[in-house]
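# Summary of structural features
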Number of protein chains: 2
Amino acid sequence: MKFQFSFKEYDPKAEAVYGTILTLGNGHIGIRGEVELEPTIHGTTVAGVYDYTPYFYREIVNAPRVIGLQIFFNGEPISLSTQKLLKYERELDIENATLTTKIDLKTQNNGRIHYESLRLVHGKKKSLILLKFRIKVSEDGILTVISPIKTNVVNPSYRDEIMVKHLKVKDMEDKEEGIYAEVETLDGKYRIGIASSLISETTAKRISTKSAEGIAEVLTLTVKKDRTYEFVKYVVVLSSEIPNLKESAFQQLQEAKSLGFDKLYDEHKKYWDEIWKRAKIEIDGDKEAEKGLNFSIFHLVQSMPIDSRISLTARGIHGFGYRGHVFWDTEIYALPFFMAVFPKKAREMLMYRYNNLNAARENAKLNGYRGAQFPWESADDGYEATPSLIPLDMTGKKVVRIYTGEEEHHITADIAYAVELYYKLTGDEEFMSRYGLEIILETARFWASRVKYDEKKGYIIEKVIGPDEYHEHVNNSFFTNLMARYNLILAAKYFEIAKNSGGEWIKTLERVNVTEKEVQKWLNIAEKIYTPRQENGIFEEFDGYFDLVDYILDPYDFGEERLPEEIKENLGKTKIIKQADVIAAQYLLKDQFDLETIRKNFDYYIIRTTHASSLSMPPYAIVASWLDYEDLAYDYFMKCAFIDLYNLYGNTQDGFHLATAGGVWQIIFRGFCGIDIHNGEIEINPKLPKKWKAIRLKFFFRESLLSLEIRNDTVKVKLLQGRDVKIRAFGKDSVVKHGEEIVLSK
Amino acid sequence: MKFQFSFKEYDPKAEAVYGTILTLGNGHIGIRGEVELEPTIHGTTVAGVYDYTPYFYREIVNAPRVIGLQIFFNGEPISLSTQKLLKYERELDIENATLTTKIDLKTQNNGRIHYESLRLVHGKKKSLILLKFRIKVSEDGILTVISPIKTNVVNPSYRDEIMVKHLKVKDMEDKEEGIYAEVETLDGKYRIGIASSLISETTAKRISTKSAEGIAEVLTLTVKKDRTYEFVKYVVVLSSEIPNLKESAFQQLQEAKSLGFDKLYDEHKKYWDEIWKRAKIEIDGDKEAEKGLNFSIFHLVQSMPIDSRISLTARGIHGFGYRGHVFWDTEIYALPFFMAVFPKKAREMLMYRYNNLNAARENAKLNGYRGAQFPWESADDGYEATPSLIPLDMTGKKVVRIYTGEEEHHITADIAYAVELYYKLTGDEEFMSRYGLEIILETARFWASRVKYDEKKGYIIEKVIGPDEYHEHVNNSFFTNLMARYNLILAAKYFEIAKNSGGEWIKTLERVNVTEKEVQKWLNIAEKIYTPRQENGIFEEFDGYFDLVDYILDPYDFGEERLPEEIKENLGKTKIIKQADVIAAQYLLKDQFDLETIRKNFDYYIIRTTHASSLSMPPYAIVASWLDYEDLAYDYFMKCAFIDLYNLYGNTQDGFHLATAGGVWQIIFRGFCGIDIHNGEIEINPKLPKKWKAIRLKFFFRESLLSLEIRNDTVKVKLLQGRDVKIRAFGKDSVVKHGEEIVLSK
């Protein structure tokens, strides 16, 4: 695989979008792609570092900028906006996870300056950032390179013009080995220690500066014209779980410098080589699709948390969008990729939910319920982080009320669903018996307290928001009711398994204190939970939906711009929906529906969906491929695979759309490959777009690593490691054994 | 007079206080005193430029920083925090309104750098700022001086960590004559155009840079050791009432540069010479008091608005305190100084109120009243700008409710009071007949709609806050009821005068549409307005005050720190008051009380006042001097005169306490000199502190300029210009004629 993404036009306005798509990261650190020679508001993302903020409860902190450089030549500050830009080339190499920049400038005194750099956020050494750069000038003179740790960074708030400074500077020190800055969040919960050292290949005079803006190293060199001067900047960023922050930072910096750039770069490349061996997906016959797909996978991998203190966030380590909060995006859209490709990482992300189970219990109690209710938006502490209102004007007098935090309750069932899916795919009993079970039981308990009994309808769930957020305060959301039922059934099922399994399973039952009687109650609710009415086979999204004003949309278009003003202002009164809702439920709970029912519902809802949420197209695409709506499935797949590269939703600057990226992988896995798990057997039902000849991918199933080549008429499966796996395709069953390959044909 | 204020210790934390007390300004432009070589959040104040902001409605905008410099020597950035500081000397010369800075630094390469500068905000040329500086280095090398217009400035908001960016950059241009930046407030209401040029005495290479941070000129010089290199920075700051902003800015810049620094400096010194000829007050026998007094006057003069678009703000052109809002501070505390010394300026400040009379009418209507109700806090548009709540924590979940905007209604009577005082002092009939009368009538109309009739008490005013803000929602505040009554009586009095005067007077009556019947009603209300009960001669501050918990305080101390925690948390339930309230009324309405009643009230309230407001001590000091409480009067005078120099209230960093500064002048004028106006005659009743031998001051009375030397046993009065003035002192009457001096003795 060799995937490079090049950009050759410099436009200060477009930089914010490049900032996201050229982000480099390793789960712990994220560095956005803005060019290092220009100022930007974006510092560094340190995953898991949050602080209190107006309206959004807690938000990911914009940590000090460490990648920036300021260059002066003969007293002239060198920057893209100052000098005439002769050449601008940036290239993201996703194979090696590097970003190169090449810039030629004409100085105001008619000289030439060539600058090129290679940037990486080290894959293996999670705290290390490297920037190697070369400078060549067309006249003799004095070159000054300032390499700052810029501590006076801020977060943009509910308006870009309102900013929040989250960090106090606790320490700034200049030592022979490099400079150091330590900052602390305002709430005192986190510290970040940063050590940095700029090394010049040629002898240079070195001093340091400290100011309200931060600390910087300054190298000054007497340079000869047309010679190339090379520098390496080493940066170590540690967050405060490390004891002796400063000592450790300097130590790691020292280690990195003794190894030197080349060895570290090799190690980084090797790390990514291993990643791609596992995560890469090849598509024969459609290189464009393959590029977008692996670009999505690249950014998912970069955002993969290093431990369970934080989970994957909606916009990754890439930006401030959704404030670094964790949504159902993670469990329903992104996690299946990790479960199949990096199952240990998936486990950690679920452990994040487990670690916050007490907060979810408090949350349920606060809202008058029992068990555990997960927050719609979750930050580092697991409490509800959804804003309840956001000001629309500067004075704060006009506000918009946000109800998702109070009403979008399906998240709790979504997490239980993901726990079970993880167990189904991985067979990780250690997790399931100890942690997963507890989540499933406590969330079932929540639903049992959340439902109400209605004489006519049975158990109902009132006043919710389903995935379709255009309709608030609705009763009996199809998605919510069905997912809640599924959650209750799961709890009963795993209660039975646990009861009969002993060991950790039983201990968990005892700890959670679940009785047979309670489980009976759950089953009773599950049985009698109300399923919204069906008309001509079509399920009503929620009570009363069928009575709303109808409006038909072109399924090949997306967004709200196309709607007439009066519709746009009254969306809640129409049948128009924001995103897959009934279809999302039918995707997740596929086995509960026959294909013809799914088709009827799909045909009905697809022409009433704006896809204004980036979460809409993936489930529709998967179901479309099941229904052999190949064109639509392909169209949605391509839109999703290029959502950020083409900035299709116009908000790529705020971070990468990781739910969509996870969705892209699921379209491949569940849609085009048609992979499903039934009774411990992998079923494959290929639905490749016509021009695709083959899809080659690898994934884990219960610790067995499989390599597959899927065509519309043949499926080849190779077992690379682990125990035998049962495979079913084209109505045929087979078993693949270690080191063997099997072929199943139509 | 020769007053210099020197500071020789550099402390980054103290810089914020120096920032305020070393502010230079000319009413239009304010430049805080932070040293130009270090970054600071403070840009430039351009009086009258406001923008919408969270909680505070509209706030004064932090305009681009223009005074900053960045210096590099041989590639080494030169700053106080980077190099070893060998010498730091700053001197504010209030005689010439200049700030000099002398800095010696040892570079990290053991070189020496000497920097010295002279800064001024031109007194006469209201848009001009000059910075002349010299640099000397101890080795040969390359010197780079960057002179930026830093456009990426922000305002700190309700917490320093939350910032608001008010300005969009509309234009940045580099021309041969200099650089230019134009910014616009977010609301689109104001533009600021800034042209700047840095001139080196020695040949220098010049380039310019543009970035997200602003535009900058960069001069690079090859320098020889031990030679002094001199530079002059010219800056022109225009706000958008000027047409052709850019053209005008460059034109003014060009004019300034052709005149050159020396001529401009001479003109500036002459301007201040004229100011001091009139405004200076000499105290024989107490040079310290004289220094503090004239320091206060200096900052009042610097804040004097250049036209009536904005009035004097609570913290001047000196900082962001109270967001640049205008309070009763202006009319009651600061304006008397301007009425007596710069009467034309006082008129403009009252015209600011007149210009916002329609907003005050709307405000009254909005609150269910008639006439005109002035807002407690007023910004550029005259609408209520008091926050109704302010968040106490980052998430905004804990808030403090602020009731002053809804309840502190006395401001409306205070403005009417100031209008009459202005007329009494200046005899400005043109103002009074046309504008002042309209204010007095419309404010009386407000009070007539504000009172309620109570069978027992007569006309009452419920639910207000008096000057003592510890007690909210009180009924029949002594201060408020008496000032309201005074307002009604004034209206009736000037209605009579107007009726019998014809011309503009009558036109105003017609415009405001006041009838005899309405005036009769006002008089009826005034007659029957309830005066809070009196016990042993002491007036109750408001209904029920006497029933509160008592607590006695040392009158020589001030602030809330000394209070026990349980008292501090329940101030509203105690008799403790924040500031002069009953006594403030007795000061303002002196003629309504005999001295013994005032003494009883003073003795009672003085030991129950925390003086937690900087507005408290001036009225107490004046009344203390009337009561021959000389020690206390002197103690308060000195505290007030040094409030900011010694940062007594701990918030000098937010701006200068202009109400106190005005109060300091009033203690001299009304207290120690004992000056009062009765029936067009000036009464003088000296009460000089023992060690003071004489006070010499000048002021205008009805266009006559008087020069006085006041001793405890003699009063000398000279009439410098204008018509004869009647003088009364020591029980003797006299008349001073043009060019003559009279002496009255005990």
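Keep in mind that what you see is a predicted model, and the values were worked out from it rather than measured.

Counting residues at the interface gives 42 residues for chain B, matched by 41 residues for chain A. When residues of the side of chain B that touches chain A are traced back to their parent elements, those giving at least two are strand 4 (44-53), strand 7 (76-78), strand 12 (141-150), strand 14 (162-164), strand 18 (205-211) and strand 19 (214-223) of chain B. With six residues, strand 18 of chain B is the largest single contributor of residues to the side of chain B that touches chain A. Its residues assigned to classes, the side of chain B that touches chain A shows 19 nonpolar, 15 polar and eight charged.

Below, the discussion takes up the sheet that holds strand 33 (residues 725-729) of chain A. All names here are of chain A. What the four strands build is an open sheet, ordered 28-29-33-34; its pairing is mixed. With partners counted over all chains shown, the strands left at the sheet margins are strand 28 (675-678) and strand 34 (732-736), one partner each. Neighbour to neighbour, the strand axes of the sheet diverge by 30° on average, direction disregarded.

For the rest of this paragraph, the subject is the relation of the copies chain B and chain A. Each of the two chain copies can be brought onto the other by rotation about an axis and movement along it. Placing chain B over chain A gives an RMSD of 0.1 Å and needs a rotation angle of 179°, together with 0.0 Å of translation along the axis. The superposition operator between the copies reduces to a two-fold rotation axis. Judged by C-alpha distance, M163 of chain B is the residue of chain B that lies nearest the rotation axis, at 2.4 Å. The residues that chain B uses at the interface reappear at the interface of chain A in 98% of cases, marking a shared surface.

On to helix 6 (residues 343-355) of chain B, then. Residues and elements named next belong to chain B. The terminal C-alpha atoms of helix 6, which comprises 13 residues, lie 18 Å apart, in line with the 18 Å expected from a rise of 1.5 Å per residue. Of all the positions in helix 6, only P343, A346, R347, M349, L350, M351, Y352, R353 and Y354 are classed as buried. Check the buried side of helix 6 and you find it contacts helix 5 (328-341), helix 7 (357-366), helix 9 (410-426), helix 10 (429-450), helix 12 (503-512) and strand 30 (694-701).

Attention shifts here to the domain arrangement of chain A. All names here are of chain A. Here chain A is described as being made up of domain 1 (4-250) and domain 2 (287-672). A C-alpha centroid distance of 37 Å is found between domain 1 and domain 2. Of the residues lining the interface, 43 residues belong to domain 1; the matching set on domain 2 comes to 41 residues. Of the roughly 3500 Å² buried between domain 1 and domain 2, counting both surfaces, carbon and sulfur atoms make up 65%. Taken as a group, Y50, Y55 and F56 account for 17% of the area that domain 1 buries against domain 2, more than any other trio of residues on that side. Across the contact surface, domain 1 and domain 2 share three salt bridges. For the salt bridge of R323 with E59, the shortest nitrogen-to-oxygen distance reads 3.3 Å. There are 23 residue pairs in polar contact (both at pLDDT 80 or more) connecting domain 1 and domain 2. If you list the elements that add at least two residues to the side of domain 1 that touches domain 2, you get strand 1 (4-7), helix 1 (15-21), strand 2 (24-25), strand 3 (29-31), strand 4 (44-53), strand 5 (57-63) and strand 13 (155-156). With five residues, strand 5 is the largest single contributor of residues to the side of domain 1 that touches domain 2. Residues of the side of domain 1 that touches domain 2, tallied by class, amount to 21 nonpolar, 15 polar and seven charged.

A word on the confidence of the model for chain A. Low pLDDT means the predicted atomic positions in that stretch should not be read closely. In this model, chain A carries a mean pLDDT of 96, and residues with pLDDT of at least 70 account for 100%. Prediction confidence for the complex, expressed as pTM and ipTM, is 0.93 and 0.88 respectively.

Take the pattern of salt bridges next. All names here are of chain A. Tallying each qualifying case throughout the model produces 129 salt bridges over all chains. For R445, the salt bridge identified is with E518, shortest N-O distance 2.8 Å. You can see R445 sitting in helix 9 (residues 429-450) and its partner E518 sitting in helix 12 (residues 516-528), a full 73 residues away along the chain. No difference in accessibility class separates R445 from E518, as the two residues are buried. Notably, a salt bridge pairs D724 with K737, separated by 3.3 Å at the nearest N-O pair.

Further remarks concern the pairing of strand 16 (residues 178-185) of chain B. All names here are of chain B. Of all the eight residues making up strand 16, eight are buried; the element is thus mostly covered by neighbouring parts of the structure. Bridging between strand 15 (residues 167-175) and strand 16 involves eight bridges; their strand directions are antiparallel. When the sheet's bridge partners are listed, K168 is paired in strand 16 with E184. The loop that links strand 15 with its antiparallel partner strand 16 comprises two residues. With six bridges connecting them, strand 16 and strand 17 (residues 191-200) associate as antiparallel partners.

Cut-offs and rules
- Residues numbered from 1 in each chain as written.
- Chains lettered and ligands numbered in written order.
- Predicted model: local features only at pLDDT ≥ 70, side-chain atom pairs only at ≥ 80, totals over all residues.
- Heavy atoms only, no water.
- Contact = heavy atoms within 4.5 Å.
- Helix = DSSP H or I, 4+ residues; strand = E, 2+ residues; numbered from the N terminus.
- Nonpolar A, V, L, I, M, F, W, Y, C, P; charged D, E, K, R; others polar.
- Pairing = 2+ DSSP bridges.
- Axes fitted to C-alpha atoms, helices over the stretch in contact; angles between N-to-C directions.
- Least-squares fit on C-alpha atoms with pLDDT ≥ 70 in both.
- Expected span 1.5 Å × (residues − 1).
- Buried < 20%, exposed > 50% of the residue type's maximum accessible area, 1.4 Å probe, protein only.
- Domains from an automatic or database assignment.
- Buried area = accessible area lost by both parts, 1.4 Å probe.
- Salt bridge = Lys/Arg side-chain N within 4 Å of Asp/Glu carboxyl O.
- Polar contact = N/O pair within 3.5 Å; in protein donor to acceptor, adjacent residues only side chain to side chain.
- pLDDT = per-residue confidence, 0-100.

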